[in-house]
Amino acid sequence: MIITFLGTGTSQGVPIIACDCEVCTSTDKHDKRLRSSIMIEAEGKVIVIDSGPDFRYQMLREGVKHLDAIVYTHEHKDHTAGLDDVRAFNFVQQAPMDIYATERVQQSLKQEFAYIFASFKYPGIPQLNLHTISDKPFNIGQVNFTPIEVMHYRLPVLGFRIDDFTYLTDAKTVTPAEVEKIRGTKILVINALQKQPHISHFTFDEAIAFAKMIGAEQTYFTHISHRLGKYADVSQELPEGIKLAYDGLKITC
C-alpha cells in the first residue's frame, strides 16, 4: 500500500493569505501546505480521503489519471469543497464517482452542492454514487476500512484504519474503545495543529502524548497550522519515531 500526503495543512492552508510570519514567508517547500488529504493506492484501487479546496491541484500535481473513490471524514469545507472537480474523472472514466460518507455528511453535501443532487440534472454536473458508512468496517474492492470515531470538539469525525495504517484528522479526544481499534498499527497519522491550546484539535504536546500511547513504529503529524513553526525547526523537537508529514510525501505500508 502506498500513501501519498496530498495536503498537510489546516483549514486555511500554509501560507495563509496576507500573513507575513516566518512560516508563511518561508522558502522551504516543506512549509507549503495545502488542505489535509491523503491518497491510498492498494489492491488495484486508488482512493482519496477528503477532497478539500485544493483537490484539483492535488490531482494535477500527483498526475492522477484514475480515481476509484473518495471517503469523507466529516463535512467541514476544508475537507469537502473540491467535490465538484470529480467531473473530470466522470468524463475520463465514463462512470460516476463512488463517495463514502455518513448520513450526516451526505446531508451536508446535498446542501452545499445542491445542484449536483437536484432533480434537474444540468449537463456536465458531477455524477456520484453515494455509499453510506457508519462506525462499522466496510470495503472498497479488496481494501478494508475500519472507521475510528474521534471528537472534533463536539463534532464526530471518522478516522480510518487500513491494515497496519491509521489516519486520524481533526481529533481532540478519542475514547478508550476507539483507541483499542488503533493499537497495533505500524504507521499512525494524526493531527498536530499548533503548540497553543485549541478547542478542537490536538496540540503539539497532545499529539506527541497520543503517539507515545499508541506506540506505532512511525507516526506522522498532519493538519498543521503556521502557528506550529517551521518544518526544519519543529522537526528537531520531535521524539524518535515521530515526524512531520509534508505535501507530496509518499510512504509504503
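Enquirer: Go over the overall build of the chain with me, naming the residues and quoting the values.
Expert: Scanning the chain from terminus to terminus reveals eight helices and 14 strands. Dimensions of the chain, computed from the C-alpha atoms along their principal axes, are close to 55 × 40 × 35 Å. Here the chain holds 253 residues, and the buried ones make up 54% of them. Contacts in the chain between residues at least 24 apart in sequence constitute 64% of all its contacts with a sequence separation of at least 6. Of the side-chain charges in the chain, 26 are positive and 31 negative, and the distance between the mean point of each set is 2 Å.

Enquirer: Break down the environment of Thr185 for me, citing the residues and quoting the values.
Expert: As for its placement among the helices and strands, Thr185 is situated in the loop between helix H6 (176-182) and strand S11 (187-191). Along the sequence, Thr185 and Ala216 sit 31 residues apart, while their C-alpha atoms lie 5.8 Å from each other. Once residues within four sequence positions are removed from consideration, Thr185 is found in contact with Arg161, Asp164, Phe165, Thr166, Ile214, Ala216 and Glu217. A polar contact of 2.8 Å, which involves the side chain of Thr185, links it to the backbone oxygen of Asp164.

Enquirer: Before we move on, could you go through the pairing of strand S12 (residues 218-222) and cite the residues and values that matter?
Expert: Most of S12 is tucked away: five of the five residues are buried. In S12, alternate side chains face the same way, and those of Gln218, Tyr220 and Thr222 on one face and Thr219 and Phe221 on the other are all buried. By the bridge criterion, five bridges tie S11 to S12 in an arrangement that is parallel. The residue bridging Val189 from the neighbouring strand is Tyr220, located in S12. This β-α-β element, S11 to helix H7 (residues 204-214) to S12, shows right-handed connectivity. Bridge count for S12 against strand S13 (residues 242-244) is three bridges, and the pairing is parallel. Its bridge partner lying in S13, Thr219 is registered against Ile242.

Enquirer: So what about the pattern of salt bridges? Which residues, and what values?
Expert: Across all of its chains, the model carries 14 salt bridges by this definition. For Asp54, the salt bridge goes to Arg35, with nearest N and O atoms at 2.7 Å. Taken as a pair, Asp54 in the loop between strand S3 (45-49) and helix H1 (55-62) and Arg35 in the loop between strand S1 (2-7) and strand S2 (37-42) lie far apart in primary sequence, 19 residues in all. With relative accessibility at 13%, the residue Asp54 sits in the buried group.

Enquirer: Just give me the short version of the layout of surface pockets, but keep the residues and values in it.
Expert: Of the volumes computed, that of the largest pocket is approximately 270 Å³. At the level of elements, H1 and helix H3 (87-93) are the ones that each hand at least two residues to the lining of the largest pocket. Classifying every residue of the lining of the largest pocket gives seven nonpolar, one polar and five charged. Taken as a whole, the second largest pocket spans an internal volume of roughly 190 Å³. Contributing to the lining of the second largest pocket are 16 residues, with Thr10, Ser11, Gln12, Leu193 and Ser225 lying nearest its centre. Within the lining of the second largest pocket, the residues separate by chemical class into two nonpolar, eleven polar and three charged.

Enquirer: Explain the environment of Asp28 to me, using residue names and the numbers behind them.
Expert: Note that Asp28 resides in the loop between S1 and S2. Assessed through its relative accessible area of 25%, Asp28 is described here as partly exposed. Along the primary structure Asp28 and Ala232 are separated by 204 residues, whereas in three dimensions their C-alpha atoms are 8.5 Å apart.

Enquirer: Please set out empty space enclosed by the protein residue by residue, giving values where relevant.
Expert: Under the definition given, this model contains one cavity of 30 Å³ or more. Partitioning the lining of the largest cavity into residue classes produces five nonpolar, three polar and two charged.

Enquirer: Which residues make up the sheet that holds strand S9 (residues 155-162), and what values go with them?
Expert: With respect to topology, seven strands assemble into an open sheet ordered S7-S8-S9-S10-S11-S12-S13, the strand pairing being mixed. Strands with a single pairing partner mark the edges of an open sheet, and in this sheet they are strand S7 (138-140) and S13. Across the sheet, the mean angle from the axis of one strand to that of its neighbour is 25°, orientation sign disregarded. Note: S9 against strand S10 (residues 165-167), three bridges, orientation antiparallel. What sits directly across from Arg161, in S10, is Thr166. Across the face of the sheet, H7 comes into contact with S11, S12 and S13 while running at roughly 160° to S11.

What counts as what
Residues numbered from 1 in each chain as written. Predicted model: local features only at pLDDT ≥ 70, side-chain atom pairs only at ≥ 80, totals over all residues. Heavy atoms only, no water. Helix = DSSP H or I, 4+ residues; strand = E, 2+ residues; numbered from the N terminus. Buried < 20%, exposed > 50% of the residue type's maximum accessible area, 1.4 Å probe, protein only. Contact = heavy atoms within 4.5 Å. Lys, Arg positive; Asp, Glu negative; His and termini not counted. Charge placed at Lys NZ, Arg CZ, Asp CG, Glu CD. Polar contact = N/O pair within 3.5 Å; in protein donor to acceptor, adjacent residues only side chain to side chain. Pairing = 2+ DSSP bridges. Right-handed = clockwise from strand over helix to strand, strands pointing away. Salt bridge = Lys/Arg side-chain N within 4 Å of Asp/Glu carboxyl O. 1 Å grid on protein atoms, 1.4 Å probe; cavity = no way out; pocket = protein on both sides within 12 Å on 5 of 7 lines; lining within 4 Å. Points joined across faces, edges and corners; volume = space filled by probe spheres on them. Nonpolar A, V, L, I, M, F, W, Y, C, P; charged D, E, K, R; others polar. Axes fitted to C-alpha atoms, helices over the stretch in contact; angles between N-to-C directions.

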